[in-house]
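Read off the chains here:
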Amino acid sequence: MAESSPTSTKARKSRRNSIDNNPPSMSSSSGPLTEELQCSICLDVFTDPVTTSCGHNFCKTCLNKCWDNSQTCNCPYCKETFKIRPDLKINTTLRELVDHYKKKSPEKKPEVLCDICEEGKLKALKSCLVCQSSYCETHLYPHLKVAGLKKHKLINPVRNLEDYICQKHERPLELFCRDDQTCVCPMCAVKDHKNHNTVPIEEESEEKKTQLMKTQKDVQQMIQDRIKKIQEVKHSAEIRKRNTEKEKAARVKLFTDLIRSIERCQTELLEMMEEQQKAAEKQEEELIEELEQEITELKMRNTELEQLSHTEDHLHLLQIYSSLCSSRNTRNWSEISVKTDESLETVRRALTQLQDTLQEKLTQTDLKRMQQYEVDVTLDPDTAHPNLILSDDGKQVRCGDKRQKLPDNPERFDRYSNVLGKEGFSSGRFYFEVQVKEKTDWTLGVASEFIDRKGEITLRPSDGFWTVVLRNGNEYEAFADSLVSLCLRVKPQWVGVFVDYEEGLVSFYDVASSSYIYSFTGQSFTGKLYPFFSPELNYGGKNSTPLIITPVIQ
């Protein structure tokens, strides 16, 4: 690389002084208004314009930098000197005008002009780092033909050629030091960066471009991932909105039905209480009437006894004595009591019946609401234990007597007679029903995608299982972290399983009687949840009936 000549260095310094001492002229394409709004230091449209006392305008930052690098404070345009550094205030009127102009006329990248053209400067085609000048097509010709100039370093035209020159050695920054991660000139490479890993700046630039392209791809992928996530969030929001509307409608219907049931039961209860009250009042009236009649008879007898106790007619007294002293046919009132508790007990029974009715209504409505989230569940043969026999449609499973020859893939259970549904769920709500009638043993629920499939398995939530089981024909249990015995009024024929992923809820219902069985609450799910089934062993044919996934019938 040829060194820069004294002439080129002198020309460069002369050009710098010319820029410092003379206000730059605007390009021919700039209008009068643009020139009025341009800072004569940075040659760009004003940013936070300030006005000096001499009346000239500059960017606040540009003027402060100019004064920070000088021992005196003078106007860069007219050179008027200020004894005390002025306290710069932003010219708000000019700033508003600049803001309005920027909105109307977006900034364009300024063109680099040829440094050799004297009048009507043309657009530069290349800039030379050795000459530190920019050339139009005509003035670039010597660099393409003259042998000495052909060795000069040409780059695309730039305005800030100084940034491409080593300030210490005034040589082009042609190399890149990978040890210090900085651009250096050939003199720097043999002196300050001796024994460092230096490569041509073009080579490093290409490598950086490759890295940038990779980073760009990563960023683009991140953008796509986030767009996808936004779509997922929006889709989830739409589903939640629809579910909320369904929930609101179901709740309105629930409370409407409950209000009607309460009003009907209240009317029936009040009518029954009224009837009880009337019956009690009638009984009381009859008792009082009978008592009053006996009191009248007793008073008459008492009068007779009083009169005979003073009579002198001894013959008459002896004749009627036996009849007066003999016991009359009267009721033993000590055994008679008014049963006020009987009506209260009737009311209590009615209230209990009302409570049972309301609870039944609540469960029925709750079950109907959950059934709205029915999903189509099909058994996954790749997960089925070799003893299990699945129907062709994937809706039934029973336990056979012989172990089938099946590939021992990672998804398959190898010790217990379990099978999963094909589709997993990682959000929202879902519901399915299974026919369990005529079985003595079964296990139902959901399982995490991360469960163990091989060897010993414990059916508990901490291991990724949420299940309810039947054992020995009448023993119902929930396999929570500690075993929970369940007391069911009737033996379920169809079991409904409902999951609310976000709420951490798994609930089980007896579909036929619309009664609640058990719920796992406050769970924290990760990954997908799969419907979980086990028909259990067939026990010599006693438990050979299959589990059947059935559609919801409302």
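Structural notes, computed from the coordinates.

What counts and what doesn't
- Residues numbered from 1 in each chain as written.
- Predicted model: local features only at pLDDT ≥ 70, side-chain atom pairs only at ≥ 80, totals over all residues.
- Heavy atoms only, no water.
- Helix = DSSP H or I, 4+ residues; strand = E, 2+ residues; numbered from the N terminus.
- Buried < 20%, exposed > 50% of the residue type's maximum accessible area, 1.4 Å probe, protein only.
- Contact = heavy atoms within 4.5 Å.
- Areas by Shrake-Rupley, 256 points an atom, 1.4 Å probe, with all protein chains shown as cover.
- Salt bridge = Lys/Arg side-chain N within 4 Å of Asp/Glu carboxyl O.
- Core = buried A, V, L, I, M, F, W, Y, C linked by side-chain atoms within 4.5 Å.
- Disulfide = S-S within 2.5 Å.
- Patch = residues over 30% accessible without salt bridge, like charges linked within 9 Å, V, L, I, M, F, W, Y side chains within 5 Å.
- Lys, Arg positive; Asp, Glu negative; His and termini not counted.
- Charge placed at Lys NZ, Arg CZ, Asp CG, Glu CD.

## Digging into the overall build of the protein chain
Next, step 1: When helices and strands are counted, the protein chain shows 10 helices and 23 strands.
Next, step 2: Within the protein chain, the proportion of its 554 residues that are buried is 34%.
Next, step 3: A sequence separation of at least 24 residues applies to 58% of the contacts in the protein chain between residues at least 6 apart.
Next, step 4: Of the roughly 35,800 Å² that the protein chain leaves accessible, carbon and sulfur atoms contribute 50%.

## Some words on the pattern of salt bridges
Next, step 1: Following the criterion strictly, the structure yields 19 salt bridges and no others.
Next, step 2: One salt bridge in this structure joins aspartate 408 and lysine 454, with 2.7 Å as the shortest N-O distance. One end of the pair, aspartate 408, is in the loop between β12 (396–399) and β13 (419–420); the other, lysine 454, is in the loop between β15 (442–448) and β16 (465–471), with 46 residues separating them in the sequence.
Next, step 3: Residue lysine 454 is classed as partly exposed on the basis of its relative accessible area, which comes to 32%.
Next, step 4: For aspartate 500, the salt bridge identified is with arginine 429, shortest N-O distance 2.9 Å.

## Details of the nonpolar core
Next, step 1: Formed by 37 residues in total, the largest nonpolar core has its most connected members in Trp442, Val506 and Phe533.
Next, step 2: Look past the residues within four positions of valine 506 in its chain and what remains in contact with it is Val446, Trp466, Val497, Phe498, Val499, Tyr518, Ser519, Phe520 and Phe525.

## Considerations on the state of the cysteines
Next, step 1: Applying the stated criterion across every chain, the model contains 0 disulfides.
Next, step 2: Unpaired in terms of disulfides, cysteine 188 finds its nearest cysteine sulfur in cysteine 185, a separation of 3.5 Å.

## What to know about a negative patch on the surface
Next, step 1: Taken together, the side chains of Glu268, Glu271, Glu274, Glu275, Glu281, Glu284, Glu285, Glu286, Glu289 and Glu292 present a region of like negative charge at the surface.
Next, step 2: With relative accessibility at 43%, the residue glutamate 274 sits in the partly exposed group.

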